[in-house]
Amino acid sequence: NAGVTQTPKFQVLKTGQSMTLQCAQDMNHEYMSWYRQDPGMGLRLIHYSVGAGITDQGEVPNGYNVSRSTTEDFPLRLLSAAPSQTSVYFCATLGRSTDTQYFGPGTRLTVL
Amino acid sequence: KQEVTQIPAALSVPEGENLVLNCSFTDSAIYNLQWFRQDPGKGLTSLLLIQSSQREQTSGRLNASLDKSSGRSTLYIAASQPGDSATYLCALDRGAGSYQLTFGKGTKLSVIP
């Protein structure tokens, strides 16, 4: 049982490049979400999904796309990276039997 | 909009001391409150979750309380150890099936041997 996994751990992009941050979970949790963590700002919700095929925007969705084709995976796409997207990104999950959220180890992204 | 404040931003204590971390929030209409621990370069680990209807939760040396009327929660750590050194975050779920957490900026705790 790996819990919540995120890849890659580190990534450096140039402005305008695109990439996908991967998040996978093996706990059969319906709810998945993406947060970004910036110094002095705390964690902020980007997008979330309450189940396969259903996604919605969080507090800071601009510049990011998501999709949820399976229960296990919830990728986060940056279509045209900007320096303002330099951050640490965390994926989290939650199952209906508990209100506790489980976080992945994070992806540290730098956009030059 | 819900705002969550954690004071102090950093705290240094000698090993063995009991300590209290504070979390305050502006909107008392919450579903639950969670305390997380984050080690440097790592993800978040849930420590305690308090439902809106509860007053406190305990796990080992940790005790978390919730007072919705005053918009406050505290995390009490007994007999602190160097291994407790980390950043502690509180987060509120506003409920209504949203599962969206609003985080404080955290308190960085250092326990000195």
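This text goes with the structure placed above it.
First things first, this report covers the structure right here in the doc. All values reported here derive from a predicted model rather than from experimental measurement. (Residues numbered from 1 in each chain as written. Chains lettered and ligands numbered in written order. Predicted model: local features only at pLDDT ≥ 70, side-chain atom pairs only at ≥ 80, totals over all residues. Heavy atoms only, no water.)

Quick word on the pairing of strand β9 (residues 87-94) of chain A
Residues and elements named next belong to chain A. Most of β9 sits out of view: 8 of its 8 residues are buried. Residues Ser87, Tyr89, Cys91 and Thr93 point to one face of β9 and Val88, Phe90, Ala92 and Leu94 to the other, with burial holding for every one of them. Pairing between strand β4 (residues 31-38) and β9: 7 bridges, direction antiparallel. Paired with Arg36 across the bridge in β9 is Tyr89. In this structure, β9 lies alongside strand β11 (residues 107-111), joined through 3 bridges in antiparallel fashion. Opposite Ser87, over in β11, you have Leu109 as the bridge partner. Inspection of the sheet shows β9 paired to strand β10 (residues 102-103) by 2 bridges, in the antiparallel sense. (Buried < 20%, exposed > 50% of the residue type's maximum accessible area, 1.4 Å probe, protein only. Helix = DSSP H or I, 4+ residues; strand = E, 2+ residues; numbered from the N terminus. Pairing = 2+ DSSP bridges.)

Some words on the packing of aromatic side chains
Across all of its chains, the model carries 7 aromatic pairs over all chains by this definition. For the ring pair Tyr31 of chain A and Tyr48 of chain A, a centre distance of 5.9 Å and an interplane angle of 35° mean the geometry is tilted. With a gap of 17 residues between them, Tyr31 of chain A in strand β4 and Tyr48 of chain A in strand β5 (residues 42-51) connect regions that are remote in the sequence. Note on Tyr35 of chain A and Phe103 of chain B: the rings are 5.6 Å apart at their centroids and 85° apart in plane angle, and the pair reads as edge-to-face. (Phe/Tyr/Trp six-rings, centres within 6.5 Å; stacked < 30°, edge-to-face > 60°.)

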